[in-house]
Amino acid sequence: MKVFSNKKKMRSYREFLYILPFLILVAVFAYYPLYGWVYAFFDYRPPFPLSKESFVGLKWFKSMVENEVKLKQTLTVLRNTFAMSGLSLLFSWFPMIFAVFLNEIKCKPFKKFVQTVTTLPNFISWVLVYSIAYCIFNSTGVVNEVLINLGVIDSPQAFLQSGEHIWFKMWLWLTWKNAGWSAIMYIAAITGIDEQMIEAARVDGASRMQIIRHITIPSILPTYFVLVMLSLANFLSNGMEQYFVFQNSFNKESIQVLDLYVYNIAMGSGGYSLATAISILKSVVSISILCVTNKISKMIRGEGFI
């Protein structure tokens, strides 16, 4: 028994060593930067060291509520953030349906072609995405030229500069970029469906749409619910790159989400302490949403995702 116990301990140590590099990476890049939260409690002005700055406590947290201008800006930014995240959440079923119908393509070369074409945009940076958008939608771009030649419009339209329907436009670009990549999770879930169930349904005379409705979709719904719960936990985190490259003086009020707002405060006006305070509040709210959604998942599905 002692020899068996020693072998079990050695195996545990060995398995721990397997994940140790990943734990170190998480500690260095995810937890060590949290030290920067201390800037939210100081009146920091670069390039002076933090030791020479005055401690102000919760001053910057209070200023977000007491200052009417900052409060109005914050509410506008939150409106944009909730709108962008809400659209993504509302259409979160799209990658699942795309994966279902992609799986129904019987011609393997065409299926691989579609999957490759829809997945590649995920690896294109947002700077290149904006370059593509600029070539297509600027005043001398393809769309304006075609519309003018067809007589639909008399003068070029400022599609990229306009703030109209900017939330929907950003969702379209995000969907175009990420739909194929997001569908991979569902394709993997579809491949795990028992083939005997599908064959039995075919023997009973079920059509392809009936198989999709009664077997495929119910089988991948658990994956969908987990991804939706994770999306809810990241509701305030839209990312910054997409909105940073598409923002301009005409659409800034409608396109500025929370992450971009923090960046603009820190890098644009040098308000590092205020930006840090907003980031702290965002992290606290995100963790709270994560805990609530995990609790809801346990109540509805009987299991959580953390």
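Within each chain, residue numbers correspond to sequence positions counted from 1 in written order. Predicted model: local features are reported for residues with pLDDT of at least 70 only, side-chain atom pairs are reported and counted for 80 or more only, and whole-chain, interface and lining totals are derived from all residues. As a rule here, side-chain values cover all heavy atoms of the structure and leave hydrogens and water aside.

Overview of the overall build of the protein
- Secondary structure is summarised from DSSP: a helix means a run of H or I of at least four residues, a strand means a run of E of at least two, and numbering begins at the N terminus for each. In terms of regular secondary structure, the protein is built from 14 helices and zero strands.
- For the protein, the sequential pattern of α-helices and β-strands runs α-α-α-α-α-α-α-α-α-α-α-α-α-α.
- Here the radius of gyration uses the C-alpha set of atoms, whereas the globule reference equals 2.2 Å times the residue count to the power 0.38. A globule of 306 residues ought to have a C-alpha radius of gyration of about 19 Å, yet the protein, at 25 Å, is considerably larger.
- In terms of overall dimensions, the protein has C-alpha extents of about 85 × 75 × 35 Å along its principal axes.
- Between buried and exposed lies partly exposed: a residue is buried under 20% and exposed over 50% of the maximum accessible area for its type, with that area taken using a 1.4 Å probe on protein chains only. Expressed as a percentage of its 306 residues, the buried residues of the protein come to 32%.
- The contact definition used throughout considers only heavy atoms, calling two residues in contact when any of these lie within 4.5 Å. Partitioning the intrachain contacts of the protein with sequence separation of at least 6 by distance along the chain shows that 63% fall at a separation of at least 24.
- Surface accessibility of the protein: about 19,600 Å² in total, with carbon and sulfur atoms responsible for 67%.
- In the protein, 27 positive and 17 negative side-chain charges are present, and the distance between their average locations comes to 12 Å. Areas reported here follow the Shrake-Rupley algorithm with a probe of radius 1.4 Å; residue values treat only the protein chains shown as occluding. Positive residues here are Lys and Arg, negative ones are Asp and Glu, while His and the chain termini are left out of the count. Every charge is mapped to an atom, namely NZ of Lys, CZ of Arg, CG of Asp or CD of Glu.

Examining the packing of helix α13 (residues 258-268) against helix α14 (residues 272-301)
- Only the contacting stretch of a helix is used when fitting its axis, a line to C-alpha atoms as for every element, and angles between N-to-C directions run 0 to 180 degrees. Two elements in contact, α13 and α14, have axes separated by 7 Å at closest approach and are oriented at 160°. With respect to α14, the element α13 is oriented roughly antiparallel. Where α13 crosses over α14, the handedness of that crossing is left-handed. Of the residues in α14, those in contact with Leu258, Asp259, Tyr261, Val262, Ile265, Ala266 and Met267 of α13 are Tyr272, Leu274, Ala275, Ile278, Ser279 and Lys282.
- In terms of residue class, the contact of α13 with α14 is built from ten nonpolar, one polar and two charged. Angles below 35 degrees are treated as roughly parallel, those above 145 as roughly antiparallel, those between 65 and 115 as roughly perpendicular, and all remaining angles as oblique. Left-handed is the label given to a crossing in which the near helix is rotated counterclockwise from the far helix by less than a right angle, and right-handed is the label when the rotation is clockwise. For this classification, the nonpolar set comprises Ala, Val, Leu, Ile, Met, Phe, Trp, Tyr, Cys and Pro, the charged set comprises Asp, Glu, Lys and Arg, and every other residue, Gly included, is treated as polar.

Observations regarding unusual backbone geometry
- Although it is not a glycine, His165 adopts a positive phi angle of roughly 55°.
- Counting through the fold element by element, His165 comes out in the loop between α7 (142-149) and α8 (166-191).
- On the basis of relative accessible area, His165 is assigned to the exposed category, the value being 62%.

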